[in-house]
Structures are given as structure tokens and as C-alpha cells.
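# Chain and residue survey
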Amino acid sequence: MLENIRLSFQGIWSHKMRSFLTMLGIIIGIASIISIVSTIKGTNEEIKNSLIGSGNNTVNVLLYEKGYTMEIYSNSQKPFGIPQVSEETRSEILKLDSVENVTCFTERRNMEGVFYRDKAISSGAIRGIDKSYFDTVGYRLKTGRIFLEDDGKKFRKVVILDQNAAEALFGDENPIGKTMEISEEPFTVVGVVESESNYETTITNISQYYSAQESALSGVFIPKECWPIAYAYDEPEKVVVKARSTDDMEEAGQKVQKILNATISPKQEEVKYKADNLLEKARDMQKLSAATNNQLIWIASISLLVGGIGVMNIMLVSVTERTSEIGLKKAIGARKGTILGQFLTEAAVLTSMGGMLGVAAGIGMAQVINRVSGVAVSIDIVASVIAVLFSMLIGIIFGLLPSVKAANLNPIDALRRE
Amino acid sequence: MILKLDHIYKDYIQGKMTVPVLKDVCLHVEEGEYVAIMGPSGSGKSTLMNIIGCLDRPTQGTYELAGQDVLALNEKKLADVRLNRIGFVFQNFQLLPRMSALDNVALPLVYAGVRKRVRRERAREALVRVGLEDRTGFNPTQLSGGQKQRVAIARAMVNTPKILLADEPTGALDSKSSKQVMELFAQLNEEGVTVVMITHDPGIAGHAKRIMDIFDGEISRHGEVFR
């Protein structure tokens, strides 16, 4: 066997050009498949990262009405039967193994009535937050201070801005200590926070676009106790849980959703809490990208078939060329099986080499795709090994006919030809 | 008796015609004999040689090789007979061009499943015996005709077969090389190898101990052992 492999290499080497051209079909086929698989894997990882992403493992548990997120824009919109999250519910959530932290907050996603002198904020959200909001969602203090226990207890009209809001309202001015207007009430700015997640500034796909959009929105925060000062009522809260790990996110979301929905009045049938299922979303998007790419793999497989036929063709020529060699070998005692094995090995070695070159070319192609179009790629070792084994199989399948032909040659006819 | 062929017929089918090539050929060779079979081209001597060498089957007749009915053997067993009992030498040498002389000689040992180290050792010994110990690494293209034929003889004898079959072994050689080859054959015969050689050259046939004539598919002279 080893001897056969050595002889095959010798044969391939002595016909370098022909061998390379024979392999070319296999090389192209395998290279396309490897680059496609690398792109699929890269895209999948990117989808997962950007959706679940930023590594802070937070899950939004928001209110939905008839399948859409419910937002409150005016005082009259408040839905009935949805209480604020009580301290008991909060500690029940915190007892879950999968949950590291939780925050509940009221939110309006319109910025009408938020001013500093003549400046307003065009888009963003104002939130009435509890003490664990910044830790859970992922903000750090930039200047000033965060809210104290007393701010809420004594209903102090204080406000914290994120960097976008501070920029929009105050520009270069230091906002700390300044008084601004929220829904016709004066609030004093005590701090500026910034988001911990850094989004890439280059946008190459839709999910990065949304991430960038979100990060451009302004955030204005007041203590949740002060919410009714500006907006008249305590409103239903949104919840964000921080899971212990990415794998815990789904479980944490589902459990928290259940706990929160149990607090809603049974008469309220239209508005319910629902956890974002990011993994599910990621899987859906991965499925979509895999489906398109699977078709590409089928197309690439056709070139493998063509390559295989090329191998068969050359092997047939090679058998004819080496008729007298085959006859001599039979005359000096080679069995049929020995000849068959020799030619099959040669075909398999040829296509395996093609496969290896194809994998190398595919990895190269994937890098080029990555550089040129920015699509994420990730090399799949398992796929590469399978590709080489598969090309070996192609060699054996398409080498079979020529090898059988060689093994069945009549030694006399074979020797006579010269 | 090492070769015992009786009433051998061989027909070739050409289109709708059946052409008889061998007609009732009987050939008996004792162990240790040195036989030359002479005949003009088309006389059927090569066909007879192929039948003796188990490369071809007769249409009719019996063939016992060292007492064994080889016509009853399957293809696998016949390959083993060719491997172990018969050494072949051809007019055009039939060396594999991409292999060194040593690898060419070692080829039958590969088929016999001999380990690589032993194989190289035995192939080297065989080359020493034909006087080519300094040419082991050469490719056939780097050797002269006489040297090529001696490599071929080393290959034929590397498995120590009892029978050496040679088909016009000097047909492509000059007289000096021919003489060397004939000396080798004589030496092998001295050592007990049965030699059967086909030739149309009476000078070459004269080296044998018995000369048979074949003409038009029939043995016309069985010859006496005259040496």
C-alpha cells in the first residue's frame, strides 16, 4: 500500500502539468465549497455576536400588545391591570439561578417636553430607573454622580444624561448642576453616563445598522420615584435581566416572563410581558443565510462531478499508455487485485492532493472575500478534513472504471503492444 | 518432468475465420534442460511460449508444470505460478522506465510480499550475479541494451524460479552483449535452472543443449540432447 502511494506520487510528479490540470476540477470544486462553508460559519458567528452581542448577556422582557411592543406616548394610554414590579417579584426574579441582575424601569420613547433653554432632543428615550439600571444594562459614570437612595425617597428632581443627550442639549458646556426642563418641570443634572458597549462604526450589515441606530439615540434618566412628577402616573415597567452567561439567556428570559405575567390582572388579556428571544432570532437568521449558501454548495458540487469525470478521462488515457507496463507486471506475477489497487491508489492520491490544494485555495479565497467585501469568515477544520476525504472518495469512484479496465487487460495483448 | 505439454491446440478467431496456430503440439522438458525453440515468424513459437508461461490458455490439450495441472488453476493461482515458478525475459527488456534498476529487479518481490529491507538486499544480490552491482541506482534509460537485458534477467531470477523462459532474448542486442547474455543463461542452467528460449538465430540456438524446430504450428524436430 505504502509502496503504491509512493509510486503514485512518482507518477504524478513525472507528469506535473497533466496531473495539475486533472486536479484542477477538484481544486476548484473543493475551493468553492470551503470558501462558502467558511463564509456561512463566519456569518453565523457574526449574527450570533451582533444579536446577542456586546457580551453583556442582557435580555429585554417588554410588554407586547397583539404581537407588537407596547409603547406609551401619552398619559391617557396607560393600560389597566399591569402593576409596577413589586419588591417581592424583584427578589423572586433575583433568586433564579440563571439571573445575575435585574432592573425595572418606566420609559417613554418620545422626547417632547425635554429642553435645555432652546435646545431639544430629537430622538431617544426618557426612563424612570431603579438603582440597578446602570449596572444591568451596562452604563458607566462619566462625570458627576449617579442617583443616591435619598434622591428617590425625597423626590428630588434630579436627572442623569447619557453622552448623546448631554451633547445634544449642552454641547461643549458642562451640564453638571444645570437645570433643564422635563415635561414642564425643572430637573437638575447631576451626572453623565456612557454606554459600555462599543459598536463598530463600520456598518456592513443590517444588524450592525440597527445597533448603530440604537447607540445614536439619547438617553435621559430620572429616579423612578420622580416619574409621576413629570408624567402624572406610575406606569407599567419594562424589565431587563442580565443572565449569568449567554447560554442562560433563553432560560432567564422565559422564567422572568412567566413571573411577570403572573402579576398581571387576569382581566388584562391583550397586554403581556414577552422576553426577547435573541438566540431564536439568531438561529432564524442563520437558517436563512445557510439556506442560500446550501444552494451554492450544490452548484459547487457540480464542478466536483466535472472534476471527477476529468480524473476518469485521464486515468483511462493513462491505462492505455501503460498497457505494456501492466502486461509486464502481470507476466512477472502481479495479481489482478494488485493492478486494481495500484490504479485506484493513483486516482485517490491524485484527487486527495487536489482536495488539499483545494482546501488551501478555499481558505485563501475566503480571506480574499473577507478583505474585499467585509463578510466575516471562519475556517472550519472539520469541513476541511471532510473535503479532503470526499475528494479521495471521488478519486476512488471515478478511478474504478479505468482501474478495472487495467486489471482486466490480457497480459499477452498488453505485452505485444509496444 | 518439469514441463509436460500434450496435444496442445490453439486457435485464434479472426472475424468469422478460425485460424489454427498450434496443432497437436507435444513438448516435454526434463528438469535442468536447456532447450531452444527455433522457427520462422508466424510459426506459432511465441504463442507456445505464452502458453508455457501461463499467460495464455490453449484451446485444447493438457499442461502439467512440475506435475501440477496448471490449466485447472484460477487466475489468482496462475499469477502465483508466474510469480514463483517462472522467470520471464523479453526481447524488448520490458523494464519500467521510471524506476531504478534495483527497483525493477525488486518488483516481483513486492508482489511476493517481501519486506522492503529484505527486498533491496535480494535485488542487490541478483544484480551482483549479473555483474551490475555498480548500476543499481541507474534508470533503464541510462543503461545500454546489454545492461538492460541483464537487469531483466536479474528480475526474472530474483524469486529463484525453477524455469527461465526467454523470448528472443538477444533479438535487440549486439553480438558482444548477446554473448554475455548467453553466458549468463549457461551459468544459470549449470546451477539447475531449466531454460527454454525462443529464437530464430541458429547461432544463438546453438548455445542450448537441445534444439526444437517449430514450423506452421507443428513441432518438426524434437531434437536430441547433444551436450
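These figures come from a predicted structure and were not determined experimentally.

## Description of helix 6 (residues 163-170) of chain A
Residue and element names in this part refer to chain A. Among all positions in helix 6, only Ala165, Ala166, Ala168 and Leu169 are buried. When helix 6 is viewed along its axis, its buried side chains cluster within an angular range of 165 degrees and face the same direction. Gly171 lies just past helix 6 and shows a positive phi near 60 degrees.

## Observations regarding the sheet that holds strand 2 (residues 17-29) of chain B
Residues and elements named next belong to chain B. Strand order in the open sheet formed by 4 strands is 2-1-4-5, with antiparallel pairing between adjacent strands. A strand with exactly one partner marks an edge of an open sheet, and here the two such strands are strand 2 and strand 5 (68-69). Looking at chain direction, strand 1 (residues 3-14) and strand 4 (residues 60-65) are connected through 5 bridges and run antiparallel. What sits directly across from Lys4, in strand 4, is Glu64.

## Quick notes on the interface of chain B and chain A
In this assembly, 20 residues from chain B lie in contact with 16 residues from chain A. Listing elements by their share of the side of chain B that touches chain A, those giving two or more residues are helix 2 (75-84) and helix 3 (101-111) of chain B. Ranked by residues supplied to the side of chain B that touches chain A, first place goes to helix 2 of chain B with 6 residues. Residue composition of the side of chain B that touches chain A, by class: 9 nonpolar, 4 polar and 7 charged.

## Describing the sheet that holds strand 6 (residues 86-89) of chain B
All names here are of chain B. The 6 strands are arranged 6-7-8-3-9-10 in an open sheet whose pairing can be described as mixed. On the outer flanks of this sheet lie strand 6 and strand 10 (218-221), each paired with one strand and no other. The sheet shows a mean angle of 25 degrees between the axes of neighbouring strands, taken without regard to direction. The pairing of strand 7 (residues 163-167) with strand 8 (residues 194-199) spans 5 bridges and is classified as parallel. Residue pairing in the sheet places Ile163 in a bridge with Thr194 of strand 8.

## Let's talk about the confidence of the model for chain B
In this model, chain B carries an average pLDDT of 91, and 98% of its residues clear a pLDDT of 70 or more. Interface predicted TM-score (ipTM) for the complex: 0.90; the corresponding pTM is 0.67.

## With respect to the environment of Gly253(A)
All names here are of chain A. Within the secondary structure, Gly253 sits in helix 9 (residues 249-263). Residue Gly253 is classed as buried on the basis of its C-beta count, with 26 C-beta atoms lying within 10 Å. Taking the C-alpha atoms as reference, Gly253 lies 9.2 Å from Lys242; in sequence the two are 11 residues apart. In contact with Gly253, not counting residues within four places along its chain, are Val59, Val61, Val241, Ala275, Asp276 and Asn277.

## A word on the confidence of the model for chain A
As a general rule, the predicted coordinates of low-pLDDT regions are not to be interpreted in detail. Across chain A, pLDDT averages 85, with 92% of residues at or above 70. Within chain A, no element has a lower average pLDDT than helix 7 (residues 206-216) of chain A, which sits at 60, and none a higher one than strand 8 (residues 158-162) of chain A, at 94.

## Quick look at the packing of helix 3 (residues 87-94) of chain A against helix 9 of chain A
Residue and element names in this part refer to chain A. Viewed as axis vectors pointing N to C, helix 3 and helix 9 meet at an angle of 160 degrees, and their least axial separation amounts to 10 Å. Taken together, the axes of helix 3 and helix 9 are roughly antiparallel relative to one another. By crossing handedness, the relation of helix 3 to helix 9 is classed as right-handed. Where helix 3 approaches helix 9, its residues Thr89, Glu92 and Ile93 are matched on the opposing element by Val256, Ile259 and Thr263. Here the residues of the contact of helix 3 with helix 9 sort into 3 nonpolar, 2 polar and 1 charged.

## Points about the pairing of strand 10 (residues 185-195) of chain A
Residues and elements named next belong to chain A. Sheet topology places strand 7 (residues 139-144) next to strand 10; 5 bridges connect them, and they run antiparallel. The partner of Tyr139 across the bridge, within strand 10, is Ser195. Sheet analysis places strand 8 next to strand 10, joined by 5 bridges and oriented parallel. Looking across to strand 10, one finds that Leu161 is bridged to Val192. Relative to strand 10, strand 9 (residues 179-182) is paired through 4 bridges, and the arrangement is antiparallel. Bridge pairing in strand 10 links Ile182 to Glu185. Where strand 9 folds back onto strand 10 in an antiparallel hairpin, the turn is made up of 2 residues, including Ser183, whose phi is positive at roughly 45 degrees.

Thresholds, definitions, all that
- Residues numbered from 1 in each chain as written.
- Chains lettered and ligands numbered in written order.
- Predicted model: local features only at pLDDT ≥ 70, side-chain atom pairs only at ≥ 80, totals over all residues.
- Buried ≥ 20, exposed ≤ 12 C-beta atoms within 10 Å, placed from the backbone.
- Helix = DSSP H or I, 4+ residues; strand = E, 2+ residues; numbered from the N terminus.
- Arc of directions from axis to C-beta.
- Pairing = 2+ DSSP bridges.
- Contact = placed C-beta atoms within 7 Å.
- Nonpolar A, V, L, I, M, F, W, Y, C, P; charged D, E, K, R; others polar.
- Axes fitted to C-alpha atoms, helices over the stretch in contact; angles between N-to-C directions.
- pLDDT = per-residue confidence, 0-100.
- Parallel < 35°, antiparallel > 145°, perpendicular 65-115°, else oblique.
- Left-handed = near helix turned anticlockwise from the far one by under 90°.

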